[in-house]
Amino acid sequence: MSTETSGLLESRELRALETLRLRPSRVYRGASKGERISKQKGVSIEFADFRNYSEGDDLRHLDWNVLARLDTPVMRTYQDEEDLIVYLCLDGSPSMHFGEPSKFALAQKYAMAFGYVGLIGGDGVRLKVIGAKQPPSAILRGRSSAFRLMDGIQRAAGELNQETLNDSLRSILRSNLRNGILILASDGLDPELPATIRALGGRGFEVWFAQILSDAEIDPDLEGDLRLIDSENTGTTEITINRDTLLQYRKSLEDHILTIADAAKRTGGRHVLIRTSDSLEQVMVRKLKPAGWFE
């Protein structure tokens, strides 16, 4: 992809992503041939080794030539290959359009970055726009699909406000989608989200959560009498901001973030808090790679 056509990512950001590969915490057996060689032995076409026959073994993998020559039943084993499906969940709910740059603009960049790493690593990538009543996209594979992925992410801005974050994720729970990594790029400002993440883990999804918040949300610089407007339901609250109020706000936000992070880790997944002022290269290469998100 070139600078002129990449749109969401600059050339230097794409170069920084070239060496990364997604590192799931467990093996996913797919319906099609994948690019990842599992440490487990299975039934793909890549021969691995011989072993002695055991009762109940699949006779289709018995080496009949060895049996005929040596009168000894020996099984052929193969390297199994993983076909990893990556679900990119891009949150476009109203609260994501806060800040400058907006959280949604950052979420688009991170969705593209994670998706690009998946595509060049040979993984299957599906885009799910949170806020739109649509199923995930068809499976995209390979570097050549990067433009289709970028187009879907850019068009997501016009497909919003039909579902809440929680409702969109619950729709995945009710589907018959294959298990895989579910990467959520969102601010996560939904009190029901931890329970939904735990339910996704119970369904077999590994949740990777890139939680994007603005600097003003993490460290608000406010005081006096204010009227707060809920961007999700337009409800209003009158509040007096003082030192105690700010301390209580920061404690509540910290508790919510810790609860979400714990829920994601219980699925075998990961969590990272990203400020809108953070650089994508710094987060992906210097923060997430050392933390084990990538090979």
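Reference entry: report on the structure contained in this document. (Residues numbered from 1 in each chain as written. Predicted model: local features only at pLDDT ≥ 70, side-chain atom pairs only at ≥ 80, totals over all residues. Heavy atoms only, no water.)

**Description of the sheet that holds strand E10 (residues 270-275)**
Working step 1: With parallel pairing, five strands are arranged side by side in an open sheet as E5-E4-E6-E7-E10. On the outer flanks of this sheet lie strand E5 (124-130) and E10, each paired with one strand and no other. Within the sheet, the average angular offset between the axes of one strand and its neighbour, ignoring direction, is 15°.
Working step 2: Judged from the five bridges that link them, strand E4 (residues 85-91) and strand E6 (residues 181-186) form a sheet pairing that is parallel. (Pairing = 2+ DSSP bridges. Helix = DSSP H or I, 4+ residues; strand = E, 2+ residues; numbered from the N terminus. Axes fitted to C-alpha atoms, helices over the stretch in contact; angles between N-to-C directions.)

**Considering the packing of helix H4 (residues 103-120) against helix H10 (residues 280-288)**
Working step 1: In the contact formed by H4 and H10, the axes pass within 11 Å of each other and the chain directions differ by 45°. Relative to H10, the element H4 lies oblique. Judged by the sense of rotation from one axis to the other, the crossing of H4 with H10 is right-handed. In contact with Lys109, Tyr110, Ala113 and Phe114 of H4, H10 contributes Leu280, Val283, Met284 and Leu288.
Working step 2: Of the residues contributing to the contact of H4 with H10, the split by class is seven nonpolar, no polar and one charged. (Parallel < 35°, antiparallel > 145°, perpendicular 65-115°, else oblique. Left-handed = near helix turned anticlockwise from the far one by under 90°. Contact = heavy atoms within 4.5 Å. Nonpolar A, V, L, I, M, F, W, Y, C, P; charged D, E, K, R; others polar.)

**Observations concerning the pairing of strand E7 (residues 206-213)**
Working step 1: Taken across its eight residues, E7 has eight buried, putting it largely inside the fold.
Working step 2: By the alternation rule, side chains of E7 split into Glu206, Trp208, Ala210 and Ile212 and Val207, Phe209, Gln211 and Leu213, which are all buried.
Working step 3: Sheet analysis places E6 next to E7, joined by six bridges and oriented parallel. Among the inter-strand pairings, Ile181 is bridged to a residue of E7, identified as Glu206.
Working step 4: As judged from the six bridges shared by E7 and E10, these two strands associate in the parallel manner. The residue bridging Gln211 from the neighbouring strand is Leu273, located in E10. (Buried < 20%, exposed > 50% of the residue type's maximum accessible area, 1.4 Å probe, protein only.)

**As for H10**
Working step 1: Listing the buried residues of H10 in full gives Leu280, Val283, Met284 and Leu288. Seen from one end, H10 has its buried residues packed into an arc of 90°, which puts them on one side.
Working step 2: Buried positions along H10 lie against helix H2 (11-17), H4 and E10. (Arc of directions from axis to C-beta.)

**Looking at the pattern of salt bridges**
Working step 1: Under the counting rule described, the total for this entry stands at 12 salt bridges.
Working step 2: A salt bridge links Asp219 to Arg275, with the shortest nitrogen-to-oxygen separation between them at 2.9 Å. Highlighted residues: Asp219 in the loop between helix H8 (215-218) and strand E8 (224-229) and Arg275 in strand E10, separated in sequence by 56 residues.
Working step 3: The partner of Asp262 in a salt bridge is Arg266, and the shortest N-O contact between them spans 2.8 Å. Within this pair, Asp262 and its partner Arg266 are both found in helix H9 (residues 243-266), separated by four residues, close to a single helical turn. (Salt bridge = Lys/Arg side-chain N within 4 Å of Asp/Glu carboxyl O.)

**Description of H9**
Working step 1: With 24 residues, H9 extends 35 Å from end C-alpha to end C-alpha; this agrees with the ideal 34 Å at 1.5 Å per step.
Working step 2: The opening residue of H9, the one whose side-chain oxygen lies 3.2 Å from the backbone nitrogen of Asp244, is Asn242. (Expected span 1.5 Å × (residues − 1). Polar contact = N/O pair within 3.5 Å; in protein donor to acceptor, adjacent residues only side chain to side chain.)

**Topic: the packing of aromatic side chains**
Working step 1: Taken as a whole, this structure holds four aromatic pairs when the rule is applied.
Working step 2: Seen in terms of ring centroids, Tyr87 and Phe205 are 5.6 Å apart; in terms of plane orientation they differ by 80°. Their pairing is edge-to-face. In this pair, Tyr87 sits in strand E4 while Phe205 sits in the loop between helix H7 (193-202) and E7, placing the two residues 118 residues apart along the sequence.
Working step 3: By relative accessible area, Tyr87 is classed as buried at 2%.
Working step 4: An aromatic cluster is defined as three or more aromatic residues linked by ring pairs; in this entry it consists of Phe114, Trp208, Trp293 and Phe294. (Phe/Tyr/Trp six-rings, centres within 6.5 Å; stacked < 30°, edge-to-face > 60°.)

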